[in-house]
Amino acid sequence: MNKSSVKTIDIVQKGLKRRYRVERRFRRLGLAAIAASLIFLMLLFVSILGNGYSAIWQTHMRLDVYFDPQVFKDVVVSSADYGRLVKGALRSVFPDVSGRGELRKLSAMVSSGAAFQLREMVMEDRGLIGRQSTLWVPADDDVDMFFKGRLGPESGRLTEDQLSWIDHLKERKMIRKQFNRAFFTAGDSREPELSGIRGALYGSFFTLLITLAISFPLGVGTAVYLQEFAPRNRWTDLIEVNINNLAAVPSIVFGLLGLALFLNVFGVPRSAPLAGGLVLTLMTLPTIVIAGRAALQAVPPSIREAALGVGASRMQTVLHHVLPLALPGMLTGTIIGMARALGESAPLLMIGMVAFIVDIPHGFQDPSTVLPVQIYLWADSPERAFVERTSAATMVLLAFLVIMNGLAVWLRRKFERRW
Amino acid sequence: MITPGIIMIALLLMATTGYYLGVRRSVAAAGGRRLIRNLHSRPTYYGLLTALWCGLPAVTVFSLWQFFDTQVVAHLVISQLPAEIENLEPSHISLLLNDIRNVIARQGSLERIDPALQAAAEHYLHLQRISNTALFVTIMALSMSALVVVRSRINKGLRARNHVEGIVKGLLAVCSTIAVFTTIGIVISVLYESLRFFQAVPVTEFLFGLKWSPQMAIRSDQVGSSGAFGAVPVFAGTLLISGIAMCVSVPIGLMAAIYLSEYAGKTFRAIAKPLMEILAGVPTVVYGFFAALVVAPVIRSLGVTLGLDVASESALAAGLVMGIMIIPFVSSLSDDMINAVPQSLRDGAYSLGATRSETVKHVLLPAALPGIVGGVLLAVSRAIGETMIVVMAAGLTANLTLNPFKTVTTVTVQIVTLLVGDQEFDSPKTLAAFALGLLLFVVTLVLNVIALYVVRRYREQYE
């Protein structure tokens, strides 16, 4: 007996070193898994920040424009050749540039938006004609990228001449980076330096407004009915199974529903925030219902019993006592659902919100796009400058998501109650 | 001109008036403010009852009218047009209607309009005006008569509170049916278009065909266009990418969950868990951008240094990034499942002298396995239905391959490419997207139902 028990402990002792080694390895593996996912997270944010931060600035060039009366002769002011004015201003800086190809390359350094800027100025103040004026106009996207150091001189996007011209402008302090207003005030554009996210922001706003206006009352109503009033029978079971399944249906399927039902049967206009909002409503509804039911469940039965005890009806109990106590939890769930809807893009591709839309939408029926779809569209564009814009738009989207989720967390903290 | 907005505002005014009249009438029926206790319910309820009866039937009529009047007006306009138009195909007629609506929307800004179109537009506008006026009259009459009837019925004994509560409860019940209608809507809309697709392409061809190139079928005179709709390569691509994603997310997610629930201290858990959940909150389009911008080039250049032939839109890049996206999903579900295992099982293992990792491997994981499998199934259905990452990082060509360095395509990518852009609703090309959507819906539904069933059974086991 004695002999064998000594043997057992020996066996245990012998294996102990190996077992501890396995234990340490397992532990390290767990830590590595967490580290890996956090590294991925960091990589994601660093790459987006690194690519996008420079979009705060836009390279501008100073032009001394002479509003030559010759250009405005015999034409309506709105359709004068403003490009000629821009070219003239550039030529006055580089008088020794000649030849068609050279001149074209010179004028290619300024964004095509410069002519529109001049037009706006003249439309506002006709007195400018015949006078000289100094203004800063956006540079072309390649110049912008080069000036920000994102495009090496060896890339071949800019010619030798253009590089020397940029140097010349730099010496004369006629080129500088300034705050990129266009990014926040303009709609989409084919030219990176003229494109902005305002249209997408408005589209997202209108779409989310529809989603919120429909899904919140419907979601709260459903949650209240299922949690407080519904009899336990097959029908309510069916509803519950349906809600749980809808929460896991791929979002693109909702897009197919929107296309076949809302667009083709109901005649909702294509690309409109109305259609997008309806599709996103169906998607967010399960989230709100599930969160709402959890919030109602968290209200202790004693509240209900007390209300019923003093003679309130069941409806009064729920509407006057239970619902107000559950509302913060429901709002938290709704904000999280809205945040998800804000980041959603796949179903919106189906209902035509991917169109190239320059105008800023001003209503629920105007064709528009939303922020994540704008990101998708820009990510597809070949221009190097759009990488920067895409990252910047992503930063704006992430900022909104952080704010919304922060609000949800704050709401939960503030109204969280231990019963 | 009467617009739907004006009708809604008028209706709101009617309901408010109804509320005040109801309250006043009930107070009068009681015999004055001081004798309100004689009423069955508080005056508010009489007001609410009147307002609800004023509003609800009218709103129902309003929405039904809005739903049908577009079609009716369109039909009337078409029937007024010259006879040869009536015999056109439905798609042409809808185009024509679009033109007419455009003319109306841009009144005056277009200079040269076909006079026939202009006339049709005016007719359309005229009919719409008639429809709106008729709607206004109907709704006002309905609302007004409801007001009169309810008001005349108000007396001391009317159980107004019970009526109002009954109506509200009915409304709540109607809200809860939306989920069922959504599912029915999905099934019907997807199934209907799919059936039209299967009239052109046999089901067996679609399910077992080995060649997928829907672009070929645009030409109507093409020989053997049905051969281009074999969905097997598309499924294979979906499975390949989802498989890579699972290879990334299941080990990492599971190990992270084990560490967080069994090893980590309170502070570490409080910091690391929310950080990992940020990964779940990042929109998928951002992952897609990340995959296309950073991951795909890195993998490609790595492959080139190793002497491998890597496509620029390799399945590996899309799968890897999708895996990262799913990590928090797997980890939070596994965390729940491991935490659901009773403490007594852990204590039993420790008291026998097992180390922590041995407890995890031999006690916790076997005990939590059904729950974890359910969670993984949910994650698989997530991966199959994920769209933006693959649209941005995976390719369009359907290759039947298991090589992760090659380009493959997925179900969701095909749906997006088939449906984005101009659509013709009678070509098999467009309808194929719905057939793919139907399959996607069925597969994810089956996975979800199994997973939810497994998870629920597992939870009940330890309760």
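It should be emphasised that the depicted structure is a prediction, and the values quoted were computed from it without experimental measurement.

Student: Let's hear about the overall build of chain A: which residues, and what values?
Tutor: Counting secondary structure elements, chain A contains 16 helices and three strands. By the compact-globule yardstick of 22 Å for 419 residues, chain A is too spread out, its C-alpha radius of gyration being 31 Å. Summarising its shape, the C-alpha atoms of chain A cover approximately 105 × 75 × 40 Å along the three principal directions. Counting the 419 residues in chain A, one finds 45% classified as buried. Across chain A, the fraction of contacts at a sequence separation of at least 24, relative to all contacts at a separation of at least 6, is 76%.

Student: Give a detailed account of the domain arrangement of chain B, specifying residues and quantitative values.
Tutor: Segmenting chain B into domains produces domain 1 (4-176) and domain 2 (226-461). For domain 1 of chain B versus domain 2 of chain B, the separation of C-alpha centres amounts to 48 Å.

Student: Report on the sheet that holds strand β1 (residues 57-66) of chain A, specifying residues and quantitative values.
Tutor: Pairing between sheet strands relies on hydrogen bonds along the backbone, with the strands arranged either parallel or antiparallel. Residue and element names in this part refer to chain A. Strand order in this open sheet of three strands is β2-β1-β3, and the pairing throughout is antiparallel. In the strand order of this sheet, the two ends are held by β2 (132-138) and β3 (175-179), each with one partner. Within this sheet the neighbouring strands show an average axis-to-axis angle of 40 degrees, counted without direction. In this sheet, β3 lies alongside β1 in antiparallel orientation, the contact comprising five bridges. Within β3, the position partnered with Thr59 by the bridge is Lys177.

Student: Break down the domain arrangement of chain A for me, with residues and values.
Tutor: Partitioning chain A into domains gives domain 1 (2-53), domain 2 (56-194) and domain 3 (198-415). A separation of 59 Å is found between the C-alpha centroids of domain 1 of chain A and domain 2 of chain A.

Student: Any details on the interface of chain B and chain A? Residues and values, ideally.
Tutor: Chain B puts 66 residues into the contact, and the matching count from chain A is 63 residues. For the side of chain B that touches chain A, the residue count by class is 44 nonpolar, 17 polar and five charged.

Student: Summarise the environment of A:Leu348; cite the residues concerned and give the values.
Tutor: All names here are of chain A. When you line up the elements, Leu348 lands in helix α14 (residues 346-350). Judged by C-beta crowding, with 29 C-beta atoms within 10 Å, Leu348 ranks as buried. It is 9.9 Å that separates the C-alpha atoms of Leu348 and Ala272, two residues lying 76 residues apart in sequence. If sequence neighbours within four positions are ignored, Leu348 has contacts with Gly255, Gly276, Met353, Val370 and Val373.

Student: So, the packing of helix α10 (residues 266-281) of chain B against helix α12 (residues 315-340) of chain B: which residues are in play, and what are the values?
Tutor: Residues and elements named next belong to chain B. Put simply, α10 and α12 touch, their axes get as near as 8 Å, and they point 125 degrees apart. One element, α10, and the other, α12, form an angle in the oblique class. The two elements α10 and α12 cross, and the hand of that crossing is left-handed. Together, Met276, Glu277, Leu279 and Ala280 of α10 and Ile324, Met325, Ile327, Pro328, Phe329 and Ser331 of α12 make up the contact between the two elements. Per-class residue counts for the contact of α10 with α12 are eight nonpolar, one polar and one charged.

Student: Can you explain unusual backbone geometry? Please cite residues and give values.
Tutor: All names here are of chain A. Phi is positive for Lys173, which is not a glycine, with a value near 55 degrees. Within the fold, Lys173 resides in the loop between α6 (160-171) and β3. If you check the backbone angles, Ser271 has positive phi at about 65 degrees while not being a glycine. Along the chain, Ser271 turns up in the loop between α10 (251-263) and α11 (273-298). Taking the number of C-beta atoms within 10 Å as the measure of exposure, Ser271 has 22 and is therefore buried.

Student: Pulling in residues and values, what's your account of the environment of A:Ala291?
Tutor: Residue and element names in this part refer to chain A. By the element assignment, Ala291 lies in helix α11. A residue is classified by how many C-beta atoms lie within 10 Å of it, and Ala291, with 23 of them, is buried. Remark: the alpha-carbon pair of Ala291 and Met330, spanning 39 residues in sequence, is separated by 6.0 Å. Setting aside anything within four residues of it in sequence, one finds Ala291 in contact with Gly329, Met330, Thr332 and Gly333.

Quick notes on the rules
Residues numbered from 1 in each chain as written. Chains lettered and ligands numbered in written order. Predicted model: local features only at pLDDT ≥ 70, side-chain atom pairs only at ≥ 80, totals over all residues. Helix = DSSP H or I, 4+ residues; strand = E, 2+ residues; numbered from the N terminus. Rg over C-alpha atoms; globule rule 2.2 N^0.38 Å. Buried ≥ 20, exposed ≤ 12 C-beta atoms within 10 Å, placed from the backbone. Contact = placed C-beta atoms within 7 Å. Domains from an automatic or database assignment. Pairing = 2+ DSSP bridges. Axes fitted to C-alpha atoms, helices over the stretch in contact; angles between N-to-C directions. Nonpolar A, V, L, I, M, F, W, Y, C, P; charged D, E, K, R; others polar. Parallel < 35°, antiparallel > 145°, perpendicular 65-115°, else oblique. Left-handed = near helix turned anticlockwise from the far one by under 90°.

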